[in-house]
Amino acid sequence: MSTPKLGLDYAMAQDQDDTLAAYRSQFHIPKDKDGNTLIYMTGNSLGLQPKSTKAHVNQELEDWAQLGVEGHFEAKTPWLDYHEALTQTMATVVGAKPIEVVVMNTLTANLHFMMASFYKPTKQRYKILIESDAFPSDKYAVESQLRHHGYNPKEGLILWQPEKGEELLNYNTLKKLLEKEGDTIALMLIGGVNYYTGQFLDLKRITTLGHSYGCVVGFDCAHGAGNVKLNLHDSGADFAAWCTYKYLNSGPGSLAGCFVHERHAYRKDLNRFAGWWSHNKQTRFNMRDEFDQLPGAEGWQLSNPPILSMAAIKASLNIFENVGMEALQKKSRQLTGYFEFLLKDLGEDTIRIITPENPEERGCQLSIQVKQADKTLHKKLTAAGVISDWREPDVIRCAPVPLYNSFTDIYHLVSRLKTILNA
Ligand SMILES: *Cc1c(COP(=O)(O)O)cnc(C)c1O
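Residues numbered from 1 in each chain as written. Predicted model: local features only at pLDDT ≥ 70, side-chain atom pairs only at ≥ 80, totals over all residues. Heavy atoms only, no water.

Draft legend 1. Spotlight on the pattern of salt bridges. For the structure shown, the criterion picks out 18 salt bridges. Asp-409 is paired through a salt bridge with Arg-24; the nearest N and O atoms lie 3.1 Å apart. Placement of the pair is Asp-409 in helix 14 (residues 407-422) and Arg-24 in the loop between helix 1 (8-17) and strand 1 (39-40), with a sequence separation of 385 residues. Under the relative-accessibility criterion, Asp-409 is labelled buried at 7%. Note on Arg-24: relative accessible area 24%, which makes it partly exposed. In this structure, Lys-281 engages Glu-298 in a salt bridge whose closest nitrogen and oxygen atoms are separated by 2.9 Å. Placement of Lys-281 in the loop between strand 8 (256-260) and helix 11 (307-323) and of Glu-298 in the loop between strand 8 and helix 11 is noted, with a sequence separation of 17 residues between them. (Salt bridge = Lys/Arg side-chain N within 4 Å of Asp/Glu carboxyl O. Helix = DSSP H or I, 4+ residues; strand = E, 2+ residues; numbered from the N terminus. Buried < 20%, exposed > 50% of the residue type's maximum accessible area, 1.4 Å probe, protein only.)

Written as structure tokens, this is what we have:
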């Protein structure tokens, strides 16, 4: 990318040169009540709907109408093994092998199922380490796991905190924590990309460190999947889970992804909760056989899955398959770099970017602290047609998504912010 410039013509020229620009037209971009297209910056919360989703969902409704139960075998994509049609692309998106990935359940549910297998507290080693600013649902989940096993969360939960006066996490602090308490920690469960700061942590480094102290290491990749290259297999992590309604654009409450490292694929000693969908596919419908566990991540499935939700995931993953994470990352870095450039021009007295400056340590999101601001700023931005996210006391989170946000989006966002701040 050439050195960014402040004017609108620069943004327009960037859009002209953008090889992914055409993808924007494959999405429904929300409009205000007068029909003006909004500047949508909350793909980190709910990704936009691909125009192809409707046809995919309709196909399943049609097959159900025409075929009834026979759709399990006769549907265009037979329902019986529908999830398999998602596995390869999902594995590529998160940097894993197909045997390591399955689409099932919802995110927090998957975290619990993973903990049922991977959180095995003993008298000596029972604590759980999370980052201090973990997403609330994750914190509630691990606290309830501690209680479930008879431990007091106040005592069993260890927080990895930023250094005093800082927001970002640092690996030396983690190392010190592990040196001190590592032999009592059973599990580390960390958000791969922090939802608040946008910091993309080094999964491999954390895993290697955790394993060297004998801890199991899992990641919540809700803000990573479809946003950054996670390389889950190479990270060595024991497990991971992520939702598909944020950067993976699969619709509100859609099913989640789950990763279990290949080295656990054939382990019989791991205790798993089971259902008929964790049973050997060849004999699943004999119904009277002894339980025969499927290997790999698929073996953690319980139920036959909701096909309408999977159809939406399939529509979205087709787009990811066409674009590829490499091209997506390239544009993402340009877009967010441009955003950062324009924000910095507002001056350090006005704003401070909390998110790391190094592109390797972030995805598309920037978390922006606006000095002397309160929630009225967010209201004004919304009234000006910018959909962003506000965190008390003074932080706006914006996620320019390379699939559907443009350089001109960014230009207009910052110029509207500037107008509001100068008023
Ligand atoms: C979005 C998000 C969740 C939401 O959990 P659901 O089970 O999908 O409702 C949980 N954890 C993190 C880190 C998230 O970003």
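Having seen the model, we can carry on.
Draft legend 2. Geometry of the side chain of Glu-143. The residue Glu-143 is located in helix 6 (residues 136-148) in this model. The class of Glu-143 is buried, set by a relative accessible area of 17%. Apart from residues lying up to four places away in sequence, Glu-143 is in contact with Pro-153 and Leu-157. (Contact = heavy atoms within 4.5 Å.)

Draft legend 3. Broad picture of the site of the ligand. In the vicinity of the ligand, the residues found are Leu-107, Thr-108, Phe-135, Asp-138, Asp-220, Ala-222, His-223, Tyr-245 and Lys-246. Lys-246 places a polar side-chain atom, nitrogen or oxygen, 2.5 Å from an oxygen atom of the ligand. Taking 390 Å² as the accessible area of the ligand by itself, protein coverage stands at 83%. Among the residues making up the shell around the ligand, the classes are represented as four nonpolar, two polar and three charged. (Near = heavy atom within 4 Å. Polar contact = N/O pair within 3.5 Å; in protein donor to acceptor, adjacent residues only side chain to side chain. Areas by Shrake-Rupley, 256 points an atom, 1.4 Å probe, with all protein chains shown as cover. Nonpolar A, V, L, I, M, F, W, Y, C, P; charged D, E, K, R; others polar.)

Draft legend 4. Molecular detail of unusual backbone geometry. Residue Pro-393 is reached from Glu-392 by a cis peptide bond, and omega for that bond is 0°. Mapped onto the fold, Pro-393 is located in the loop between strand 12 (389-391) and strand 13 (395-398). Phi is positive for Asn-105, close to 50°, though the residue is something other than glycine. Structurally, Asn-105 is set in the loop between strand 2 (101-104) and helix 5 (107-118).

Draft legend 5. How the structure looks around the packing of helix 1 against helix 14. It is the contact of helix 1 with helix 14, at a shortest axis distance of 7 Å, that shows an interaxial angle of 155°. It follows that helix 1 is roughly antiparallel to helix 14 by the angle criterion. Residue-level inspection shows Leu-8, Ala-11, Met-12, Gln-14 and Asp-15 of helix 1 in contact with helix 14, the latter providing Phe-407, Thr-408, Tyr-411 and His-412. (Axes fitted to C-alpha atoms, helices over the stretch in contact; angles between N-to-C directions. Parallel < 35°, antiparallel > 145°, perpendicular 65-115°, else oblique.)

Draft legend 6. Seen up close, the packing of aromatic side chains. Throughout the structure, instances matching the rule amount to 14 aromatic pairs. Here Tyr-195 and Tyr-196 contribute two aromatic rings whose centre-to-centre distance is 6.4 Å and whose plane-to-plane angle is 55°, an arrangement assigned as tilted. Tyr-196 sits in the buried class, given a relative accessible area of 14%. Sitting over the face of the ring of Phe-135, Lys-246 holds its NZ or CZ atom 5.0 Å from the ring centroid. (Phe/Tyr/Trp six-rings, centres within 6.5 Å; stacked < 30°, edge-to-face > 60°. Lys NZ or Arg CZ within 6 Å of the ring centre and 35° of its normal.)

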